[in-house]
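Here are the chains, one letter per residue:
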Amino acid sequence: MADIITKDIDILEDGLLYCYPDILKILLKDKTTGKNILWATKDYERNGEGFEEYAEIQMYCITGLFATEIQPRATKPKEIQTMRIKTKAEVFTPCWICNEQNNLIDDAWFGRKNVFNTPYGQSWVTTSDPIVFDDTRTWKQYVDSKRLEITCGEAPYLVSRYDAASGAYLPVLQRIGLLDRKLRVVCENCNDENEWYKWAIRAFQSVYGYEFQGDSLLIARENLFYTFIDYYKYKFGTAPSLDKLKKIANIISWNIWQMDGLTCTVPYSCHSVEVRDRQASLFDDGTVECKPCPGCEKNDMFSHNGIYCKIKDWRDNSPLLYVSILQRRKSK
Ligand SMILES: C[S@@+](CC[C@H](N)C(=O)[O-])C[C@H]1O[C@@H](n2cnc3c(N)ncnc32)[C@H](O)[C@@H]1O
């Protein structure tokens, strides 16, 4: 198996296909529909058929001779960045802000401050000693504790291979993402490779993110995928096997999913329905009324007619609708 240089912030899909056959196929899957994720942005429509906002992202669109390149926001042309701010409020948070907010989550979890690093202006100093746990808060509980980045873009709160705002690459020891922290803890507590892999899997299973736009979502998935390789290489000095990579890619394509967060459904799946007026049809004048999706009409999260997105609770090993979690919370 070839090895890819992972220090480039812009992961080339051709390189991914060449080095890790089958992985890109998995990273393009939408687990709710069983199809591929959608472009869900007009930015690529100029490339013609197959690049429409509503189309699935097919392999041929992003690999091979006539492929279009999917770039992280930081390397996209300025006019495209501006357009994406207007249409989807796309502004990515600088790494040092992600760090300070992630620190707040950990302050609450550990009951003490600055566990993983100490902020220093727009930077931070990484804690060099291993992270200390106790009997009431064990490292295994930390790895298993669930985290979600809503509207995740390229997932800068989960992983920090690069600063999403500036594009600067960050070495493993300086990373600040929620998944980075879990993988650090796994590295510090597991020396046996099987044990390390078991807990790395659990770390990936515990972090979630959703995003509307397909290109950002694919980049987020690639970022998590390369994060696994980065930590594996950091710990063991070699590249992981293809079987291990496939398993990780499958978890990522479940946990980092495409969703319209306003409806909890697959983008564009809410639809109008034709309703025949029974009274009118008595006279067979073909009167048909077009009714909008009830959830969209009433702005009610729980009555959309689109496809509600599925996620997975890995501890139960069962899929569930994301909206059902909100429903449960509402009825409490
Ligand atoms: C301000 S960016 C934040 C991205 C990332 N979380 C960060 O902090 O850098 C907002 C993201 O929300 C996404 N977004 C906008 N509307 C959305 C919706 N209805 N559902 C899901 N994601 C949406 C955009 O595509 C964009 O990636």
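Undergrad: Just checking my understanding: could you explain the domain arrangement of the protein chain for this structure?
TA: One frequent convention defines the size of an interface as the accessible area lost when the parts assemble. Domain annotation for the protein chain reports domain 1 (1–258) and domain 2 (260–332). Of note, the centres of domain 1 and domain 2, computed from C-alpha atoms alone, are 30 Å apart. For the domain 1 and domain 2 pair, buried surface summed over both sides reaches about 1,800 Å², with 67% attributable to carbon and sulfur atoms. It is Thr32, Phe212 and Trp254 that lose the most area in domain 1 upon contact with domain 2, and together they represent 34% of the buried surface on that side. Between domain 1 and domain 2 we count 0 salt bridges in total. Inspection of the domain 1/domain 2 interface yields 5 residue pairs in polar contact (both at pLDDT 80 or more). Broken down by element, the residue count for the side of domain 1 that touches domain 2 peaks at 4 residues, all from helix 10 (residues 242–255). Looking at side-chain class alone, the side of domain 1 that touches domain 2 contains 10 nonpolar, 7 polar and 5 charged residues.

Undergrad: Honestly, empty space enclosed by the protein in this entry has me stumped. Any pointers?
TA: Summary: where empty space remains is shown by rolling a probe the size of a single water molecule over the atoms. Counted under the stated rule, the structure contains 1 cavity of 30 Å³ or more. In terms of lining residues, the largest cavity is bounded by Asp30, Lys31, Thr32, Arg221, Ser253, Trp257, Gln258 and Lys310. Partitioning the lining of the largest cavity into residue classes produces 1 nonpolar, 3 polar and 4 charged.

Undergrad: I'm lost on the side chain of Lys244 in this one. Help?
TA: Topologically, Lys244 is positioned in helix 10. Each residue touching Lys244, except ones within four places of it in the same chain, is listed here: Glu193, Tyr197 and Tyr232.

Undergrad: Quick question: what am I supposed to make of the environment of Ala203 here?
TA: Relative to the assigned elements, Ala203 resides in helix 8 (residues 193–205). Measuring from C-alpha to C-alpha, the distance between Ala203 and Ser145 comes to 8.6 Å, with 58 residues separating the pair along the chain. Excluding its chain neighbours within four sequence positions, the residues that come into contact with Ala203 are Val143, Leu179, Lys182 and Leu183.

Undergrad: Before we go on, may I ask you to explain the layout of surface pockets in this structure?
TA: In this structure, the largest pocket occupies an estimated 500 Å³ of space. Lining the largest pocket are 27 residues; nearest its centre among them are Ile150, Thr151, Cys152, Gly153 and Glu211.

Undergrad: I tried to follow the state of the cysteines on my own but got confused; where do I start?
TA: One way to say it: the disulfide is the covalent bond shared by the sulfur atoms of two cysteines. Counted according to the given criterion, the structure contains 0 disulfides. Cys309 supplies the cysteine sulfur nearest to Cys264, a cysteine that is in no disulfide, at a spacing of 7.6 Å. Owing to a relative accessible area of 1%, Cys264 belongs among the buried residues under this scheme.

Undergrad: What am I meant to see in the environment of Gln174 here?
TA: In this fold, Gln174 is placed in the loop between strand 3 (147–149) and helix 7 (178–189). By relative accessible area, Gln174 is classed as partly exposed at 31%. Residues Gln174 and Arg161, spaced 13 residues apart in sequence, show a C-alpha to C-alpha distance of 9.3 Å. Leaving out residues up to four positions away in the same chain, Gln174 has contacts with Trp124 and Thr126.

Undergrad: Just checking my understanding: could you explain the packing of aromatic side chains for this structure?
TA: How two aromatic rings sit relative to each other is given by the distance of their centres and the angle of their planes. What the rule picks out here adds up to 26 aromatic pairs. Consider the rings of Trp196 and Tyr232, whose centres lie 5.5 Å apart with planes at 80 degrees: the pair is edge-to-face. Taken as a pair, Trp196 in helix 8 and Tyr232 in helix 9 (residues 214–236) lie far apart in primary sequence, 36 residues in all. Pair check on accessibility: Trp196 and Tyr232 agree, each one buried. Ring centres 5.5 Å apart and planes at 85 degrees place the aromatic pair Trp196 and Phe236 in the edge-to-face group. Of this pair, Trp196 sits in helix 8 while Phe236 sits in helix 9; the two residues are 40 residues apart in sequence, bridging distant segments of the chain.

Cut-off values and rules
- Residues numbered from 1 in each chain as written.
- Predicted model: local features only at pLDDT ≥ 70, side-chain atom pairs only at ≥ 80, totals over all residues.
- Heavy atoms only, no water.
- Domains from an automatic or database assignment.
- Buried area = accessible area lost by both parts, 1.4 Å probe.
- Salt bridge = Lys/Arg side-chain N within 4 Å of Asp/Glu carboxyl O.
- Polar contact = N/O pair within 3.5 Å; in protein donor to acceptor, adjacent residues only side chain to side chain.
- Helix = DSSP H or I, 4+ residues; strand = E, 2+ residues; numbered from the N terminus.
- Nonpolar A, V, L, I, M, F, W, Y, C, P; charged D, E, K, R; others polar.
- 1 Å grid on protein atoms, 1.4 Å probe; cavity = no way out; pocket = protein on both sides within 12 Å on 5 of 7 lines; lining within 4 Å.
- Points joined across faces, edges and corners; volume = space filled by probe spheres on them.
- Contact = heavy atoms within 4.5 Å.
- Disulfide = S-S within 2.5 Å.
- Buried < 20%, exposed > 50% of the residue type's maximum accessible area, 1.4 Å probe, protein only.
- Phe/Tyr/Trp six-rings, centres within 6.5 Å; stacked < 30°, edge-to-face > 60°.

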